[in-house]
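Examination of the molecular architecture
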Amino acid sequence: MTSLKVAVITGASSGIGRHSAIKLSSEGWSLALTARRLAQLEETRSLCANPDACILVAGDITDEAFVKSLFEETMKKFGRLDLLFNNAGLSDKASPIEEMPLETFTSVVNVNLIASFLCVREAFKIYKQQEPTGGRIINNGSLAAHVPRPHSVAYAASKHAVHGLTKTIAIEGRKYNISVTQIDIGNAHTSMAAGHTLGALQPDGRRVVEPTFDPIHVADAVAHIASLPTSVTVLEMTIMATGVPYVGRG
């Protein structure tokens, strides 16, 4: 059995994706990193312990042809796949549903759900065919997959859908030794969540300053899950700043 461990990480140009790439590289993983911004991907690679074991595939993961090419290039370079971290995500500006443009709703759903589906589909093809069969998928969910914020219809709906995607593919993947996880993150201090430190709208109409936490802890959790044998599944994990209002939010 090969000791080579290969991961595809989407949204690897910053935030949780970058931290996860750095962590996995430090543990000996070979990486295929993707995002739209090539310059930022190059910076991520430069921060990895073994940049020579990282390939960069910049592009739009909502594009079916691009996603196919991403996994083809990964297999051409490394010959196998062990982990897909579906990390790329998009949030929208908080607004009442009646003011939500269809274009905005569709953009969020395309990145958070459709792109995840496209990547899962390609990973499943590889996992079923390679020897030994199997592999791992980690989907980046959110607290919003369970308890939405006010005025977040596009983001919350897409993350609820990712929850359904996760549970469905976990069932389909069992007999092929495909292990699936959804990691639900609450207020890791990235550009997406930084605004919560200025005051986040609550269901009762108040704006409350919410705590955040260092995304390196998410990367540590991702690396731990990735280190487990595929005979072990962590179906769902929630990692959040301790003081985040969760119960009663939804």
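Residue numbering note: each chain is counted from 1, following its sequence as written. Totals for whole chains, interfaces and linings use every residue, but because this is a predicted model, local features are given only for residues with pLDDT of at least 70 and side-chain atom pairs only at 80 or more, for both listing and counting. Calculation of side-chain values draws on the structure's entire complement of heavy atoms; hydrogens and water are dropped beforehand.

**So, the pattern of salt bridges**
- Should a side-chain nitrogen of Lys or Arg be within 4 Å of a carboxyl oxygen of Asp or Glu, the pair is scored as a salt bridge. If you walk through the whole model with that rule in mind, you get 9 salt bridges.
- The partner of Glu64 in a salt bridge is Arg121, and the shortest N-O contact between them spans 2.6 Å. Here Arg121 lies in helix H4 (residues 102–129) and Glu64 lies in helix H3 (residues 64–78), a separation of 57 residues in the sequence.
- What makes Glu64 partly exposed here is its relative accessible area of 37%.
- Notably, a salt bridge pairs Asp82 with Arg80, separated by 2.8 Å at the nearest N-O pair.
- Three or more residues joined by partner-sharing salt bridges are found here, namely Glu64, Lys68, Arg121, Glu122 and Lys125. Numbered from the N terminus, helices here are DSSP runs of H or I no shorter than four residues, and strands are runs of E no shorter than two. Note on classification: 1.4 Å probe, protein chains only; a residue is buried when its accessible area is under 20% of the maximum for its type, exposed when over 50%, partly exposed between these limits.

**Thoughts on the sheet that holds strand S6 (residues 178–186)**
- Strands qualify as paired when DSSP identifies two bridges or more between them. One open sheet accounts for 7 strands, arranged S3-S2-S1-S4-S5-S6-S9; its pairing is parallel. Taken across any chain shown, the strands that pair with only one partner, and hence form the sheet edges, are strand S3 (54–56) and strand S9 (236–240). Direction aside, neighbouring strands of the sheet carry axes that sit 15° apart on average.
- Summarising the sheet, strand S2 (residues 30–34) and S3 pair through 3 bridges and their orientation is parallel. Residue Ala32 lies in a different strand from S3, and its bridge partner there is Ile55.
- Contacts: residue pairs with any heavy atoms within 4.5 Å of one another. The convention used is that axes are lines fitted to C-alpha atoms, helices contributing only their stretch in contact, and that angles between N-to-C directions extend from 0 to 180 degrees. Its contacts with the sheet put helix H5 (residues 153–173) on strand S5 (135–140), S6 and S9, and the angle it makes with S6 is roughly 160°.

**Quick look at the pairing of strand S1 (residues 6–10)**
- With 5 of 5 residues buried, S1 lies mostly within the body of the structure.
- Side chains Val6, Val8 and Thr10 of S1 all project onto a buried face; the interleaved residues Ala7 and Ile9 project onto the opposite face, where all are buried too.
- Where S1 lies against S2, 5 bridges are found, and the strand directions are parallel. Bridged to Thr10 within S2 is Thr34.
- Once the chain exits S1 it traverses helix H1 (residues 15–26) before rejoining the sheet at S2, and the crossover so formed is right-handed. Handedness rule for crossovers: strands pointing away from the viewer, path from the first strand over the helix to the second running clockwise, crossover right-handed.

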